[in-house]
Amino acid sequence: MPDFAKARTETPAVASGVYLNNASCSLMPQPVIKAVQDYFALEARVGGYPAMAQESAALEAVYGSVAALINAKPNEIALMGSHTLAWQSVFLGLRFKEGDRILTSRSEYGANYVAFLQMQRRTGCVIDVIPCGNDGATDPLALEKMIDDRVKLIAINWIPTNGGLMNPAAEIGNVARSHGIPYLLDACQALGQVPVDVKELGCDFLTSAGRKWLRGPKGSGFLYVREDKLSAPGCEPGIIDDFGALWSQSDKYEVIDTARRFETHEQQPALRLGLGAAVEYARTIGLDNIRERVNHLAEGLRGELAALQGIRVQDLGGERAGLVTFTHDDIPAADITAALHKENICVKTIPQAGAYLDTQARDIPELVRVSAHYFNNEDELEALLKALRAAIGTG
Amino acid sequence: MDIKQVRSETPGVTHRVHLDNAGTGLMPKPVADAVKGHIVLEARIGGYEAEAQENERIEAAYSSVAKLIGAKKSEIAFADNATVAWQRAFFAQTFSEGERILIAEAEYAANYVAYLQMHKRKGCVIDVIPNDASGATDPQALEKMIDDKVRLIAITWIPTNGGLVNPAASIGKIARAHGIPYLLDACQAPGQMPVNVDELGCDFLSATGRKFMRGPRGTGFLYVRSKMLGHIEPYMLDHYGAPWTAPQEYEMRSDARRFETWERAPALHLGLGAAADYALDIGLKSIRTRVTKLADNLRDELDKIPRITVQDIGTQKCAIVTFTHEQIDSDAIKSAMSEEGINVSVSRAPSTLLDAKARNLTDLVRVSPHYYNSEEELEIFLSVLRGVTGR
């Protein structure tokens with residue numbers, strides 16, 4: 001059994017309040033903070049490029065760590081400044097014509113859906129939403145029936161921003177691969193809370209931030225690109241520079257052969273090292289252990305919430321992640337979040353526009369989201385429930 | 001300017017002779033503290049919570065950057081780096097087959113590869129504005145090139161590979177007279193000289209934080225002229241640049257932040273703001289006076305060393321000094337410097353391929369002093385160089 005109590009002592013922030021907003025941005029553990037700070041100190045001491053040269057082995061090792069985390073090869077990894085940059089770089093590199101179809105999930109995140117709408121306006125491509133099964137998860141059987149030769153991309157999120165739902169990403173991968181359709185998986189909420197294996201998922205592209213369950217710094221993210229995609233013609237980022245492509249002749253450029261073609265020359269080494277430290281920290285604890293613990297805390301919380309008068313747990317899906325969402329019959333979510341904040345308990349209100357298609361289909365205005373990580377403990381959840389009972393008048 | 005004080009606020013000077021400010025400047029203490037302070041706060045209370053608590057200071061960072069270039073706060077977008085800032089502006093332009101982009105000969109590779117990508121995608125044409133006799137982009141030649149096919153003028157103000165300062169304001173006058181959008185890559189300018197977007201007449205200006213501004217790596221910014229904000233749509237939008245207002249609708253923000261994304265690193269933005277404040281406090285005019293003096297002296301001294309050729313072109317020159325040696329290659333000079341704790345860099349031909357080919361350049365040694373460098377440091381550099389080249 002991993003030492004979650006030790007992980008807690010290595011998390012300075014737990015002393016200042018009950019932090020249950022790990023799905024937004026988790027708390028960095030000490031080794032991550034140290035990696036970032038040490039590198040900044042080095043830069044201030046010896047200069048930016050000399051610092052990078054001195055730490056080149058450590059910076060290179062970050063690719064290996066991220067690759068090991070998701071069962072990929074280091075040459076399939078690009079380190080990015082954020083999840084959005086990673087996702088956009090892939091999405092905008094794909095070419096769409098009028099009538100081409102993008103298939104997505106009902107739970108799609110606002111950042112991605114706005115990009116779909118923009119692409120639709122620009123090219124006349126069509127956005128089609130894959131229906132959900134009875135449990136509210138994206139339905140692979142329904143997807144199979146939608147496939148035709150106009151489908152140019154399947155782009156879904158694995159775990160949405162607004163609930164415990166886990167879409168069946170691997171089953172969707174099977175469908176995508178059997179038809180040879182590019183599959184872009186937004187795994188922003190998955191990394192660091194569940195084991196991730198790109199071979200099992202069958203995705204061609206996978207994107208994530210570092211700041212969420214991985215506990216890395218803000219300003220870090222990464223992209224996975226399957227090796228056989230890299231050697232396929234036309235696999236180009238939406239926007240390229242002289243790092244991703246070599247300016248070989250005055251009128252020609254050649255993209256480099258690794259996933260780093262999606263990066264730009266300018267980068268932030270301190271945050272990359274922070275990301276690497278976060279990945280190693282998670283791997284040391286073990287993703288299976290983390291998954292078990294996070295699930296245990298989330299399921300326990302759902303049970304307690306369901307017993308409270310007026311509270312409705314709003315999580316969909318059969319298999320669930322560590323995001324717990326609920327509404328109250330009379331009290332707006334924002335009021336509940338504010339009441340909890342007064343008790344020094346940090347949770348998040350998810351607005352309708354976070355995942356518009358889903359919230360509209362389910363007729364939910366906004367939700368309270370509670371996301372407990374492995375370093376949180378039962379006492380903290382008890383404190384949350386106590387404050388919640390007081391806020392809704394059942395205490 | 002109190003050199004002693006600025007040096008005392010620059011921890012790096014006690015460890016290295018840092019003469020690569022065109023690569024990355026050394027962060028002064030207030031910049032490093034701003035970044036570290038916010039990382040600590042994030043670790044203590046959480047990322048978004050820290051952002052909310054520091055909201056006023058983050059907003060003030062936009063005002064500081066705006067002030068640095070004579071813009072309005074609403075005209076500034078922050079970016080992960082200068083490349084991303086520039087790309088966001090460039091890819092927001094729309095081109096049809098046969099439409100022309102006019103560029104400078106000293107164009108930076110990052111930009112040129114993007115032109116080629118756009119050419120491949122849209123069939124637009126890339127035309128290089130000729131240089132005048134001094135090697136600077138020639139505004140008169142530009143004037144003669146203008147026709148109704150010209151869709152964009154995009155130049156690098158100060159190239160990566162030398163002291164050249166292109167006549168950005170004269171080019172701006174032509175762009176404005178013909179109503180052609182003007183994108184200025186000013187990566188090397190802010191922090192080493194006064195910058196004023198109205199004098200420059202540019203519609204878009206991109207820059208980085210990590211060079212002469214002395215900000216943290218991982219920062220850059222984009223200026224977008226107010227009148228452009230009426231219609232221009234970024235190539236990449238997310239729900240921050242364009243809130244998802246109804247299931248099938250989005251609406252762009254009215255300010256330049258439509259070019260940003262929701263995800264950001266506030267610690268770095270605070271560092272960028274602190275760097276702008278620091279430069280403004282010292283004064284950009286006195287900074288320019290000092291770096292110009294240091295660089296000019298350096299060129300004079302280099303000229304006196306046998307077999308060394310200073311490679312800077314143009315009449316107006318900045319703090320970037322480049323040279324070659326007849327026999328010793330530039331990497332060997334850089335390594336010899338590094339062994340003595342002196343940071344310089346090497347500018348390679350592929351970084352500015354058009355210029356390198358036109359001038360038949362190989363790799364150049366690039367030395368870029370900043371105001372906090374002392375005369376003694378330059379003397380140390382020169383004496384090591386004399387030793388290396390005198391062997």
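Residues numbered from 1 in each chain as written. Chains lettered and ligands numbered in written order. Predicted model: local features only at pLDDT ≥ 70, side-chain atom pairs only at ≥ 80, totals over all residues.

### Some words on the overall build of chain B
Cut-off, in case you're wondering: Only runs of H or I of at least four residues qualify as helices and only runs of E of at least two qualify as strands under DSSP, and these elements are numbered from the N terminus. Throughout, radius of gyration means the C-alpha value; the globule benchmark is 2.2 Å times the number of residues raised to the power 0.38. Residues with at least 20 other C-beta atoms within 10 Å of their own are called buried, those with 12 or fewer are called exposed, and the rest are partly exposed. The C-beta atoms themselves are positioned from the backbone. Contact between residues is assigned whenever the C-beta positions, reconstructed from backbone atoms, fall within 7 Å.
When helices and strands are tallied, chain B shows 14 helices and 15 strands. Here the C-alpha atoms of chain B give a radius of gyration of 21 Å, agreeing with the 21 Å that 2.2 N^0.38 yields for 391 residues. The principal-axis extents of the C-alpha atoms in chain B amount to approximately 70 × 55 × 30 Å. Here chain B, with 391 residues, has 57% of them falling under the buried criterion. A separation threshold of at least 6 residues defines the contact pool for chain B, and within that pool the share at least 24 residues apart is 71%.

### A look at the nonpolar core
Let me state the cut-off plainly: We define the nonpolar core as any set of buried residues of the types Ala, Val, Leu, Ile, Met, Phe, Trp, Tyr and Cys, connected via C-beta atoms lying within 7 Å of each other.
Among the nonpolar cores identified, the biggest contains 258 residues, and Leu185 and Leu223 of chain A together with Leu184 and Leu222 of chain B are the most heavily contacted of them. Here the element with the most residues in this core is helix H11 (residues 269–285) of chain A; it accounts for 10 residues. Apart from the residues within four sequence positions on either side, leucine 185 of chain A is in contact with Ile156, Trp158, Ala169, Leu201, Cys203, Phe205 and Leu206 of chain A.

### Examining the domain arrangement of chain B
All names here are of chain B. How we decide: Source of the domain bounds: an automatic or database domain assignment. Three classes are used: nonpolar for Ala, Val, Leu, Ile, Met, Phe, Trp, Tyr, Cys and Pro, charged for Asp, Glu, Lys and Arg, and polar for all others, with Gly counted as polar.
Per the domain assignment, the segments making up chain B are domain 1 (3–19 + 283–390) and domain 2 (29–281). The C-alpha centroid of domain 2 is placed 27 Å from the C-alpha centroid of domain 1. Counting residues at the interface gives 31 residues for domain 1, matched by 24 residues for domain 2. Elements with a contribution of two residues or more to the side of domain 1 that touches domain 2: helix H11 (284–304), strand E12 (321–325), helix H13 (353–358) and strand E15 (364–367). Top element by residues in the side of domain 1 that touches domain 2 is H11. It accounts for 6 residues. Of the residues that constitute the side of domain 1 that touches domain 2, the class distribution is 15 nonpolar, 9 polar and 7 charged.

### A short note on the interface of chain A and chain B
The partner chain B presents 64 residues to the 61 residues of chain A that form the contact. When contributions to the side of chain A that touches chain B are tallied by element, the ones reaching two or more residues are helix H2 (30–46), helix H3 (48–54), helix H5 (83–91), helix H6 (110–123), strand E9 (245–249), H11 and helix H14 (356–361) of chain A. With 8 residues, H2 of chain A is the single largest residue contributor to the side of chain A that touches chain B. Grouping the constituent residues of the side of chain A that touches chain B by class yields 32 nonpolar, 21 polar and 8 charged.

### Examining the sheet that holds strand E11 (residues 311–313) of chain A
Residues and elements named next belong to chain A. Filter applied, for reference: Should DSSP find at least two bridges between two strands, the strands are regarded as paired. Axis definition: a line fitted to C-alpha atoms, over the contacting stretch in the case of helices. Angles run 0 to 180 degrees between N-to-C directions.
With respect to topology, 4 strands assemble into an open sheet ordered E11-E12-E15-E14, the strand pairing being antiparallel. Of all the strands in the sheet, the pair left with one neighbour each is E11 and strand E14 (348–350). For this sheet the average axis-to-axis angle between neighbouring strands, irrespective of direction, equals 35°. In terms of strand pairing, E11 meets strand E12 (residues 323–328) through 3 bridges, oriented antiparallel. Each residue of the ladder has a partner; that of valine 313, found in E12, is phenylalanine 326.

### Observations concerning the domain arrangement of chain A
Residue and element names in this part refer to chain A. The assigned domain composition of chain A is domain 1 (4–28 + 286–392) and domain 2 (30–284). The partner domain 2 presents 32 residues to the 38 residues of domain 1 that form the contact. Among the elements of the structure, helix H12 (287–306), E12, H14 and strand E15 (367–371) are those that each provide at least two residues to the side of domain 1 that touches domain 2. With 6 residues, H12 is the single largest residue contributor to the side of domain 1 that touches domain 2. Tallied by class, the residues present in the side of domain 1 that touches domain 2 amount to 20 nonpolar, 10 polar and 8 charged.

### Section: the sheet that holds strand E2 (residues 77–80) of chain A
Residues and elements named next belong to chain A. Across the sheet, which stays open at both edges, the 7 strands sit in the order E2-E8-E7-E6-E5-E3-E4 with mixed pairing between neighbours. Unpaired on one side and paired on the other, E2 and strand E4 (126–130) mark the two borders of the sheet. Pairs of neighbouring strands in the sheet enclose a mean axial angle of 20°, with direction left out of account. As paired elements, strand E5 (residues 151–157) and strand E6 (residues 183–186) share 4 bridges and run parallel to each other. By the bridge assignment for E6, isoleucine 156 is matched with leucine 185.

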